[in-house]
Amino acid sequence: GAGVSQSPSNKVTEKGKDVELRCDPISGHTALYWYRQSLGQGLEFLIYFQGNSAPDKSGLPSDRFSAERTGGSVSTLTIQRTQQEDSAVYLCASSLVTGSNQPQHFGDGTRLSIL
Amino acid sequence: GQQVMQIPQYQHVQEGEDFTTYCNSSTTLSNIQWYKQRPGGHPVFLIQLVKSGEVKKQKRLTFQFGEAKKNSSLHITATQTTDVGTYFCAGPLEGGNKLTFGTGTQLKVEL
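Just so we're clear, the structure is a prediction, and the values are computed from it rather than from any experiment. (Residues numbered from 1 in each chain as written. Chains lettered and ligands numbered in written order. Predicted model: local features only at pLDDT ≥ 70, side-chain atom pairs only at ≥ 80, totals over all residues. Heavy atoms only, no water.)

Asks: Quick question: what am I supposed to make of the pattern of salt bridges here?
Replies: A side chain of one charge can pair with a side chain of the opposite charge when the charged atoms of the two come close. The tally for this structure, following the rule as stated, stands at six salt bridges over all chains. A salt bridge links Glu44 of chain A to Arg36 of chain A, with the shortest nitrogen-to-oxygen separation between them at 3.0 Å. A salt bridge links Lys98 of chain B to Asp56 of chain A; its shortest N-O distance comes to 3.8 Å. Here Asp56 of chain A lies in the loop between β5 (44-50) and β6 (65-69) and Lys98 of chain B lies in the loop between β9 (85-91) and β10 (100-101), a pairing that spans two chains. In this structure Lys98 of chain B comes out as buried when scored by relative accessible area, which is 9%. (Salt bridge = Lys/Arg side-chain N within 4 Å of Asp/Glu carboxyl O. Helix = DSSP H or I, 4+ residues; strand = E, 2+ residues; numbered from the N terminus. Buried < 20%, exposed > 50% of the residue type's maximum accessible area, 1.4 Å probe, protein only.)

Asks: So what exactly am I meant to see when it comes to the interface of chain B and chain A here?
Replies: One frequent convention defines the size of an interface as the accessible area lost when the parts assemble. Contacts between the two partners involve 16 residues from chain B, matched on the other side by 22 residues from chain A. For the pair chain B and chain A, the summed buried surface comes to about 1,500 Å²; carbon and sulfur atoms form 52% of the total. In this assembly, chain B and chain A are joined by one salt bridge. Where chain B meets chain A, there are eight residue pairs in polar contact (both at pLDDT 80 or more). (Contact = heavy atoms within 4.5 Å. Buried area = accessible area lost by both parts, 1.4 Å probe. Polar contact = N/O pair within 3.5 Å; in protein donor to acceptor, adjacent residues only side chain to side chain.)

Asks: What exactly am I supposed to notice about the state of the cysteines here?
Replies: Residue and element names in this part refer to chain B. Following the criterion strictly, the structure yields two disulfides over all chains and no others. Disulfide partner of Cys23: Cys89, at an S-S distance of 2.0 Å. Linking Cys23 and Cys89, the disulfide has an S-S dihedral of approximately 80 degrees and is accordingly described as right-handed. Note that Cys23 is positioned in strand β3 (residues 19-25) and Cys89 in strand β9, a separation of 66 residues in sequence. Exposure class is identical for Cys23 and Cys89. Each is buried. (Disulfide = S-S within 2.5 Å.)

Asks: Explain the pairing of β3 of chain B here, please?
Replies: Strand residues, when the strand is regular, have side chains that alternate between the two faces of the sheet. All names here are of chain B. Among the seven residues that make up β3, five are buried, leaving the element largely enclosed by the rest of the structure. Bridging between strand β1 (residues 4-7) and β3 involves four bridges; their strand directions are antiparallel. Opposite Gln6, over in β3, you have Cys23 as the bridge partner. Pairing of β3 with strand β8 (residues 71-76) involves six bridges; the strand directions are antiparallel. Across the sheet, residue Phe19 finds its bridge partner in β8, namely Ile76. (Pairing = 2+ DSSP bridges.)

Asks: Hey, could you run me through the layout of surface pockets in this one?
Replies: A water-sized probe, rolled over the atoms, reveals where empty space remains. For the largest pocket, the calculated volume is near 770 Å³. Surrounding the largest pocket, 37 residues form its lining, Gln37, Leu39, Gly40 and Gln41 of chain A together with Gln37 of chain B being those nearest its centre. When residues of the lining of the largest pocket are traced back to their parent elements, those giving at least two are β8 (88-95) and β10 (110-114) of chain A together with β1, β9 and β11 (105-110) of chain B. As a volume, the second largest pocket reaches approximately 230 Å³. Around the second largest pocket, the lining comprises 15 residues; the ones closest to its centre are Leu43 and Phe45 of chain A together with Glu94, Thr100 and Phe101 of chain B. Mapped by element, the contributors of at least two residues to the lining of the second largest pocket are β5 of chain A together with β1 and β10 of chain B. The class makeup of the residues in the lining of the second largest pocket is six nonpolar, six polar and three charged. (1 Å grid on protein atoms, 1.4 Å probe; cavity = no way out; pocket = protein on both sides within 12 Å on 5 of 7 lines; lining within 4 Å. Points joined across faces, edges and corners; volume = space filled by probe spheres on them. Nonpolar A, V, L, I, M, F, W, Y, C, P; charged D, E, K, R; others polar.)

Asks: Please explain the sheet that holds β3 of chain B as it appears in this structure.
Replies: Through backbone hydrogen bonds, the strands of a sheet pair up, either in parallel or in antiparallel fashion. All names here are of chain B. Ordered by their spatial adjacency, five strands build an open sheet running β1-β3-β8-β7-β6, and the pairing between neighbours is antiparallel. With partners counted over all chains shown, the strands left at the sheet margins are β1 and β6 (55-58), one partner each. Geometrically, the sheet is characterised by an average inter-axis angle of 15 degrees between neighbouring strands, direction not taken into account. (Axes fitted to C-alpha atoms, helices over the stretch in contact; angles between N-to-C directions.)

Don't take any of this as a statement about function, it's just geometry.
Structure representation (structure tokens):
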């Protein structure tokens, strides 16, 4: 597709369940980012995949959060044993090449609600 | 800790009035980017500034990067209802390849 695609668009689950969020970046983009945005708040950096280098996981809030990027394309963010404070919109972005001077292209996000 | 702050947090204006949001970093930035997020939407890249004192314009929007490369501003002339949204600045606060997003300024424009 032309843009960053995220699925599902909405996810409602019970506290304690595991969830998987998917991001399909723009074709050919080597850098992929995950952010979390709570209602009315800014973007909280979670993790960054940079080509073939080791990912920057410095923003993951706890060991319940993990992410992988297989084949340098699709990425999955997994949250285990979800808690109510995990409720937020999870945004994925990609950029053509690595570097802080690269524009990031965002998907529409996954709105996660933990009951 | 290191952070990027924006003021104001919220701004209500009448259509036709001007609007400015200010972005301040705790450290010098190699570059700064601006994004706009419409209500219910995702952030969309607007522009990047790299040089000290740089000024760039996009129609009614004027972006400026401070001389010390620690602050930036976005000025909208004669706001329209289409300008509604939250404006974020972002910069490589910790160096490396990731961006730290500012706290954002939410703009509401009333007819």
